[in-house]
Amino acid sequence: MEKTVQLYEGKAKKVYATDDENLVIVSYKDDATAFDGLKKGTILGKGVVNNRMSNYLMQLLEKNGVPTHFVEELNDRETLVKKVKIVALEVIIRNISAGSFAKRFGVEEGIVFAEPTIEFSYKNDELHDPLMNSYHAVALGVATWAEIDRIKALAFKVNEVLKAYFLERNVKLVDFKLEFGRLPDGTIVLADEISPDTCRFWDAVTNEKLDKDRFRRDLGNVEGAYSEMMRRVFGE
Ligand code: TMP
């Protein structure tokens, strides 16, 4: 399948049309942003890590009953996926306190929750992705109740599968962000990516951060963290 016209350029990826109206090609960049694009940089090799890791995890999730947009990895940076209409919600699951949760509630990072939490943000950079509850989402027509129930069930299933998967690789899955899309028939599928850009990964023994927080917080060795996560997943 070949790329035709570019449909969209986001902060970390480009999306191209193909000859099949139901399929698009996603191309992962090394560009990194944080704080709604205020902080900009490059993480060398990130596009390859995120593409390959996300594809691997989406296939693992498919095997575990989570429908995804994944179709075929075309090369190190490009993947053929089903074209979806993205539901304008960032779906965040947390197993351990960190980031905006710790800040919002005035607690330290590292509190292990008895049960995972879920929250939604409205996907809108200009408004800084404000927290949105399910009633707000339904009121504004962002999603229906049936879609919200399905998204919640799928997100918790993703957490169950990935938490166990990463723990076997000596990594704590602290929290992560998912996006879902609608196929033309309305089916909800997991879309976007699952990568060190969208998850917090801590080494299970040392709690060393192995994700984009190294870039967000200027912790150094950003590329090293991405390649370490590649090694944990692919053994390379
Ligand atoms: P937060 O603690 O900043 O709300 O982030 C929660 C999780 O979501 C964390 O794993 C990083 C991820 N995330 C994104 O993927 N995109 C974003 O724009 C933000 C703010 C967080």
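See the structure above.
Residues numbered from 1 in each chain as written. Predicted model: local features only at pLDDT ≥ 70, side-chain atom pairs only at ≥ 80, totals over all residues. Heavy atoms only, no water.

A few words on the packing of helix α1 (residues 46–63) against helix α4 (residues 145–168). When two helices pack together, their arrangement is given by the angle between the helix axes and the distance between those axes. α4 packs onto α1 with a crossing angle of 120 degrees between their chain directions and a minimal axis gap of 10 Å. The orientation of α1 with respect to α4, classified from their angle, is oblique. Between α1 and α4 lies a crossing of right-handed hand. In this structure, α1 uses Tyr56, Leu57, Leu60 and Leu61 to contact α4, whose residues at the interface are Val158, Val161, Leu162, Tyr165 and Phe166. Of the residues that constitute the contact of α1 with α4, the class distribution is nine nonpolar, no polar and no charged. (Axes fitted to C-alpha atoms, helices over the stretch in contact; angles between N-to-C directions. Helix = DSSP H or I, 4+ residues; strand = E, 2+ residues; numbered from the N terminus. Parallel < 35°, antiparallel > 145°, perpendicular 65-115°, else oblique. Left-handed = near helix turned anticlockwise from the far one by under 90°. Contact = heavy atoms within 4.5 Å. Nonpolar A, V, L, I, M, F, W, Y, C, P; charged D, E, K, R; others polar.)

What follows deals with the pattern of salt bridges. In total, this model carries 26 salt bridges according to the counting rule given. Taking the shortest distance from any N to any O, the salt bridge between Lys29 and Glu9 comes out at 2.6 Å. Residue Lys29 is found in the loop between β3 (23–28) and β4 (31–34), and its partner Glu9 is found in strand β1 (residues 6–9); the two are separated by 20 residues along the sequence. Residue classification places Lys29 among the buried positions, given a relative accessible area of 13%. Given a relative accessible area of 42%, Glu9 falls into the partly exposed group. Note that Arg217 and Glu109 form a salt bridge whose closest N and O atoms lie 2.9 Å from each other. Placement of the pair is Arg217 in the loop between α5 (213–216) and α6 (222–234) and Glu109 in the loop between α2 (99–105) and β10 (112–122), with a sequence separation of 108 residues. Relative accessible area serves as the criterion here: at 29%, Glu109 is assigned to the partly exposed category. Sharing partners across several salt bridges, the network here consists of Arg94, Glu109, Glu119, Asp175, Arg200, Lys209, Asp213, Arg216 and Arg217. (Salt bridge = Lys/Arg side-chain N within 4 Å of Asp/Glu carboxyl O. Buried < 20%, exposed > 50% of the residue type's maximum accessible area, 1.4 Å probe, protein only.)

So, on to the packing of aromatic side chains. By convention here, two paired aromatic rings are described through the distance between centres and the angle between planes. Enumeration according to the criterion identifies seven aromatic pairs in this entry. Pairing Tyr56 with Tyr165 gives two aromatic rings, centres 5.9 Å apart and planes at 45 degrees, and the pair type is tilted. In this pair, Tyr56 is assigned in helix α1 and Tyr165 in helix α4, connecting sequence segments 109 residues apart. A centroid spacing of 4.9 Å and a plane angle of 75 degrees characterise the contact between Tyr135 and Trp145, whose relative ring orientation is edge-to-face. Taken together, the residues Tyr135 in helix α3 (residues 134–139) and Trp145 in helix α4 connect sequence positions 10 residues apart. Of the aromatic side chains, those joined through ring pairs into one cluster are Tyr56, Tyr165, Phe166, Phe201 and Phe234. (Phe/Tyr/Trp six-rings, centres within 6.5 Å; stacked < 30°, edge-to-face > 60°.)

Time to look at the sheet that holds β3. Taken in spatial order, the five strands of this open sheet run β1-β2-β3-β7-β6, and their pairing is antiparallel. Strands at the two margins of the open sheet, each flanked by one partner only, are β1 and β6 (70–73). Strand after strand, the sheet turns through a mean of 25 degrees between neighbouring axes, direction not considered. With five bridges connecting them, β3 and strand β7 (residues 78–82) associate as antiparallel partners. Directly across from Val26, in β7, lies its bridge partner Thr79. (Pairing = 2+ DSSP bridges.)

Read these as spatial facts, not as claims about activity.
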